[in-house]
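Chain by chain, the residues run as shown.
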Amino acid sequence: MMAVMETKKKPILGIVVPCYNEEEALPDSAEALEKKLKDLIQKGAVSEKSFVLFSNDGSKDGTAAYLNQICHKNPHFYMVDLVKNVGHQNALLAGMQAAAEFCDCVITIDADLQQDIEAMDAFLESYQKGFEVVYGVRNDRSSDGFFKKMTANAFYGLMHILGADIKSNSADYRLMSSGAVRSLSEYGESNLFLRGLIPYMGYPSDTVYFDVRERQKGSSKYTFSKMLTLAMDGITSFSDRPLKLIGSIGVLMFIFSLGMILHSVITYFLGANQPGYTTTVISIWMVGGILMISMGVLGTYIGKIYSETKRRPRYQIKATILPGKAEKDEQSDQ
Ligand code: UDP
Ligand code: MG
């Protein structure tokens, strides 16, 4: 008799972990990941060919050396080593693309394991049900500081107002089938915002809720400027409403100025025209301000067009340790 559980063959899972200056967090994380992987293999949830793939995002500390060491020691550990720091999103993409060649599905998770690794079981159950994309959504933000909470809420609020289809509080903790990763590779945008792009692809998807804990080791690698860049990429890649808003403001201003002309002509004929210094100064400043804002928004989009048209590779690989343990140096353009 066939076991009832055996509905689909055991998938090969690739857990992808982006790492930027994570030497402090990695020893604990690697141990926990190995334990989780063995646990999943033992339970029969995934194939014994499953692995963890670290994507070293141009770390400046001992991360690369540490990863090299553990990847040589542990048959379940692999890595791609990027030439320079290209940011979380691109490092994720590099890891997913490398992993997808050797597995059926990938799960991405941060190197500090702030996301609950126990949720992986639920991700895999959804995958077995046929979902090619499974989003991890955090239960609450109680483990975040006030600033992070506020900026995150402002960001998701703004994204919704601007009409971008992203899940609130979704982290980059998600499962994707290798097929979905290959489709993702066909989107060539340089300004990568996975949280927007993956829902946009439209694969049948499911949601898994998970808890977030505080970072145990090391400090956040998301500086304020990295956070701002991510938010700007998110907004400008998935919404052209700011551009349309400028148009609407322009129309309103035009109507307003018609009223002003009418008003001054009437007052002129009534002989009651004021010297009007105040209104003039206010108008100049107001118009100036609106023009500056508009130019700023236009500039942002033009900047995007500029970087997209250059079609530069999103990352370059310096070295890899991949299944087969064949270590090779290569220059890969993605
Ligand atoms: N990260 C990366 N490249 C960067 C910045 C961050 O690969 O330029 C990785 C980092 O190593 C971690 C993940 O992205 O695995 C999330 O970063 P972090 O935990 O510092 O962000 P936070 O949890 O504070 O938002
Ligand atoms: Mg973190």
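A brief look at the structure comes next. Model, not experiment: these values are computed from the prediction. (Residues numbered from 1 in each chain as written. Chains lettered and ligands numbered in written order. Predicted model: local features only at pLDDT ≥ 70, side-chain atom pairs only at ≥ 80, totals over all residues. Heavy atoms only, no water.)

## Considering the coordination of the magnesium ion (ligand 2)
Tetrahedral metal sites with four donors have an ideal angle of 109.5 degrees; octahedral sites with six donors have ideal angles of 90 or 180 degrees. Bound to the magnesium ion (ligand 2) are the protein donor atoms D112 (OD) and Q114 (OE1), situated 1.8 to 2.0 Å from the metal. Q114 matches D112 in its accessibility class, with the two residues each being buried. (Donors = N, O, S within 2.8 Å, 3.2 Å for Na, K, Ca; no water. Buried < 20%, exposed > 50% of the residue type's maximum accessible area, 1.4 Å probe, protein only.)

## Let's talk about unusual backbone geometry
Phi is positive for N21, which is not a glycine, with a value near 50°. Even without glycine at this site, L113 takes up a positive phi of about 50°. In this fold, L113 is placed in the loop between β4 (105–108) and α4 (120–128). You can call L113 buried: its relative accessible area is 4%. (Helix = DSSP H or I, 4+ residues; strand = E, 2+ residues; numbered from the N terminus.)

## A look at the side chain of K36
Its place among the elements puts K36 in helix α1 (residues 26–43). Apart from the residues lying within four places of it in its own chain, the contact partners of K36 are I117, E118, M120 and D121. (Contact = heavy atoms within 4.5 Å.)

## Some words on α1
Between the first and last C-alpha of α1 there are 25 Å, a value that for 18 residues agrees with the 26 Å anticipated at 1.5 Å per step. When we look at burial in α1, the residues that qualify are L26, S29, A30, L33, K36, L37, L40 and I41. Within α1, the buried residues cover an arc of 135° as seen down the axis, which keeps them to one side. Exposed side chains of α1 directed beyond 90 degrees from the buried face belong to E31, K35, Q42 and K43. Taken together, the buried residues of α1 touch β1 (13–19), β2 (51–56), α2 (63–73), β3 (77–82) and α4. Count one or two residues on from α1 and you reach G44, which has phi positive near 85°. (Expected span 1.5 Å × (residues − 1). Arc of directions from axis to C-beta.)

## Here's the deal with the nonpolar core
Grouped burial of nonpolar side chains is what soluble globular proteins tend to show. Core analysis: the largest hydrophobic core is formed by 68 residues, its most contacted members being L33, F54 and M176. Ranked by residues supplied to this core, first place goes to helix α3 (residues 88–100) with 8 residues. Those residues in contact with F54, other than ones at most four positions away along the chain, are V17, C19, L26, A30, L33, L67, I70, C71, F77, Y78, M79 and V80. In terms of nonpolar packing, the next biggest core, distinct from the first, is built from 10 residues, F155, M159, F193 and I235 among them. (Core = buried A, V, L, I, M, F, W, Y, C linked by side-chain atoms within 4.5 Å.)

## Notes on α4
All of the buried residues along α4 are M120, D121, F123, L124, S126 and Y127. Along its buried surface, α4 packs onto β1, α1, β4, β5 (133–138), β6 (170–177) and β7 (205–210). One or two positions beyond α4, positive phi appears at G130, with a value near 110°.

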